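Report on the structure
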Amino acid sequence: MVDVRYQTAFRLYPYERVAAQDRVQRHQVVIVGGGPIGMAMALDLGLKGIEAVVLDDHDGVGVGSRAICFAKRTLEIADRLGCADPMVEKGVVWNLGKVYREDRQIYDFNLQPEAGHKRPAFINLQQPYFEKFVVERIREARDDGAPIEIRGKNKVDNIASHDDHVVLEVDTPDGPYKLEADYVIACDGVRSPIREMLGLGFEGRVFQDNFLIADVIMDADEFPVERRFWFDPPFNPGQSVLLHKQPDNVWRIDFQLGWDIDREKELKEENVRARVDGMLGPDVEYQLEWTSIYTFQCCSMDEYRHGRVFFAGDSAHQVSPFGARGCNGGMQDVDNLGWKLAAVLNGEAGDRLLDTYHSERKHGADENILNSSRATDFLTPKSEVSRMFRDAVLDLAEKAPFARAHVNSGRLSVPCTYDGSALNGADDDTLPKSLRPGSPAVDAEVDGGWLIDRLGGRFQVLAINCLAPTVEGAEVIELDSHTAPDLAERYLGEAAQAIYLLRPDQHVAARWIYTKPAAITAALTTAMGG
Amino acid sequence: MALIDTPNIPDPDGFYADLIAAHEGLEQAASHALNARLVLILANHIGDRTVLAEALELSKSA
Ligand SMILES: Cc1cc2nc3c(=O)[nH]c(=O)nc-3n(C[C@H](O)[C@H](O)[C@H](O)COP(=O)(O)OP(=O)(O)OC[C@H]3O[C@@H](n4cnc5c(N)ncnc54)[C@H](O)[C@@H]3O)c2cc1C
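The structure reproduced in this document is the subject of the present report. Source: prediction; values computed, not measured. All residue numbers here refer to positions counted from 1 along the written sequence of the relevant chain. Key to labels: chains lettered from A, ligands numbered from 1, both in the order written. Local features in this predicted model are restricted to residues of pLDDT 70 or higher, and side-chain atom pairs are both shown and tallied only at a pLDDT of 80 or more, whereas totals for entire chains, interfaces and linings draw on every residue. Side-chain metrics rest on all non-hydrogen atoms present in the structure, leaving aside hydrogens and water.

**Some remarks on the overall build of chain A**
Heads up, the rule is: Secondary structure elements are defined from DSSP: runs of H or I of at least 4 residues count as helices, runs of E of at least 2 residues count as strands, and each element is numbered from the N terminus. Two residues qualify as a contact provided that any one of their heavy atoms is within 4.5 Å of a heavy atom in the partner residue. Here, Shrake-Rupley sampling with a 1.4 Å probe gives the accessible areas, and only protein chains in the shown set may cover a residue.
Scanning chain A for helices and strands turns up 13 helices and 28 strands. Dimensions of chain A, computed from the C-alpha atoms along their principal axes, are close to 70 × 65 × 40 Å. Across chain A, the fraction of contacts at a sequence separation of at least 24, relative to all contacts at a separation of at least 6, is 71%. Carbon together with sulfur atoms contributes 47% to the accessible area of chain A, which is approximately 21500 Å² in total.

Structure (structure tokens):
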């Protein structure tokens, strides 16, 4: 039986019977779960010519937005995959944020975007759209020959991992079948049935708090495009409230509820409306689109690789949504695993490279969990002293700018630097620290276009103001920074020239001011797992 | 040690009296809140994580 566990917003991949149901077939990669991470994973692999089959137990994207905030790095990854344009076109960009306490505004901030980047720091977009745009891009890539298959209403019921392959048992409306894979990637979400089947743990902290999330549709002009955050407002005493704009005149409201609540009562339409009315005032017309109550936790698996089975996205790690690090973090898993798995499947790198998926992404997840735990601790202080300092910060924030830096309603997702990774090579630390080995490349405007559009998909030697030594296995890009001030500032600092070796995921592998081909080759070998 | 733990305020008795006076007439909770604000203000003024870490250590071990 393939149960319907949730309603779908877009029915994108209805069940179809396939020949593989009659005869066991072996695939290079099978992805369990077609959420944003599973779909992006399939797209990344497929574009690299790797055969990827996605199995999802539903036939489309779930109703209810969940993620709304997608960060710049996610958009850059989506750009590499060819689906960022519709996201940015549909998405809402905001810069102005206001912070309120009780009945008054205590300060505002303007996140003026830094010039010289193709993509904004983040956009607000409903998760179902994000997923839909990825799936549409998969269709297009498939038409161009990318070996990707999506099977809706295919529920994985069992997994057996062997030395040289994995066997999955899959249930469908036509009954069960088996299929085999060289590798399996479990993108089956926070309750990960694959994790359960393998008996693997998922440890962390549950935050003793509940949040009522309501998406409401209002006429366009009711509220300006800005983010509003309230501490202890009259319409939700003692708790916080967040208001965010999404496309299609949808507004996201997060009401903090506290720990001891009656979920059913809180979810009743009249009670949700009472809260929303209190906030918007009695005369504002709106429709309730979606409501849900969440308890947040920060958890992670100990290992993201188990032999031939990898965990990516929420199945591997979960964060509270403050700082929008869930889906954004998962997209970095995709970015990291895609090229490594392709290199190993194509015989270009050894198995060891795959271990670095865990080490690098665990590092990233730990950073995300740390940041989102800190935000949650600020919003839901765990002790009287913690609450006292939180209130002291708010007392001061109105008068003293320094205290605003302590106000933490989420630190926006930024990609992590893989400091200490086994894949990192030489560094010249007189070059800017923000681009040290392990860091994701930073965009810059060059020759009337964007640097980021020229990076990724393979190893590249980026030579700025000098000739690039030719090495096997890397493409060469030569740039002149004299007409590109952002490039000079971000990549050279005080130096007159530099050579960067970049990985297929646009992260810096090694860098020099002067170097020889042999040194680049050595760094390339290191970056491929040695 | 980066933290100054030797006398550094020219008029220690005067400062001490100001500190106590600032709390005069406050309920316990208000006093605690004032201390918390003061800690945050002073910590920001110091701004050096090494000094702050040493100050935290010293206060815990005293
Ligand atoms: C209220 C809220 C707000 C959030 N806001 C943000 C935000 O602003 N920004 C952000 O980046 N993140 C945010 N997140 C987190 C984000 O929603 C998740 O990180 C993201 O959905 C994870 O994607 P995923 O693909 O890993 O998992 P999921 O989206 O959970 O997808 C898992 C998929 O696997 C399928 N599946 C499960 N079991 C099986 C099986 N046995 N066989 C086949 N298929 C199976 C499921 O049907 C589903 O399609 C938020 C989350 C919440 C709850």
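**Here's the deal with the packing of aromatic side chains**
Residue and element names in this part refer to chain A. Basically, it comes down to this: Between rings of Phe, Tyr and Trp, where Trp is taken as its six-membered ring, a pair exists when centres lie within 6.5 Å; planes separated by under 30 degrees are stacked, by over 60 edge-to-face, and by other angles tilted. Exposure is judged per residue with a 1.4 Å probe applied to protein chains only, and the accessible area is read against the type maximum: over 50% gives exposed, under 20% gives buried, and values in between give partly exposed. Charges are assigned to positions over rings by a cutoff of 6 Å between ring centre and Lys NZ or Arg CZ, combined with an angular limit of 35 degrees from the ring normal.
Per the stated rule, a full pass over the model turns up 16 aromatic pairs over all chains. Measuring from ring centre to ring centre gives 5.2 Å for F211 and F296, while their planes differ by 35°; the resulting arrangement is tilted. Here the residue F211 occupies a position in strand β14 (residues 210-218), and F296 occupies one in the loop between β18 (286-294) and β19 (297-300), the gap between them amounting to 85 residues. The class for F211 is buried, based on a relative accessible area of 2%. Under the relative-accessibility criterion, F296 is labelled buried at 9%. Considering the side-chain rings of W230 and F235, the 5.3 Å spacing of their centres and the 80° angle between planes classify their relative orientation as edge-to-face. Given the relative accessible area of 7%, W230 is considered buried. Taken together, the aromatic side chains of F211, Y294, F296 and F322 make up a single cluster linked through ring pairs. Of note, R308 hangs over the ring of Y183, and the distance from its end group to the ring centre comes to 4.8 Å. Lying over the aromatic face of F378, R390 brings its terminal NZ or CZ to 5.9 Å of the ring centre.

**Notes on unusual backbone geometry**
Residue and element names in this part refer to chain A. Although it is not a glycine, K153 sits at a positive phi angle of roughly 50°. Secondary-structure assignment places K153 in the loop between β9 (148-151) and β10 (155-161). The class for K153 is buried, based on a relative accessible area of 17%. One non-glycine residue, D447, lies in the positive phi region at around 50°. By the secondary structure assignment, D447 is in the loop between β23 (445-446) and β24 (449-450). For D447, a relative accessible area of 60% gives the class exposed.

**Examining the pattern of salt bridges**
Residues and elements named next belong to chain A. Selection rule: In what follows, salt bridge is the name for a side-chain nitrogen of Lys or Arg lying within 4 Å of a carboxyl oxygen of Asp or Glu.
Going through the model one piece at a time under the given rule, you end up with 47 salt bridges over all chains. Between E180 and R26 there is a salt bridge; the shortest N-O distance is 3.0 Å. Here E180, found in strand β12 (residues 177-186), pairs with R26, found in strand β2 (residues 26-32); they are 154 residues apart in sequence, far enough to count as distant. In this structure R26 comes out as partly exposed when scored by relative accessible area, which is 40%.

Note that every value here comes from positions in space, so none of it alone points to a role or purpose.
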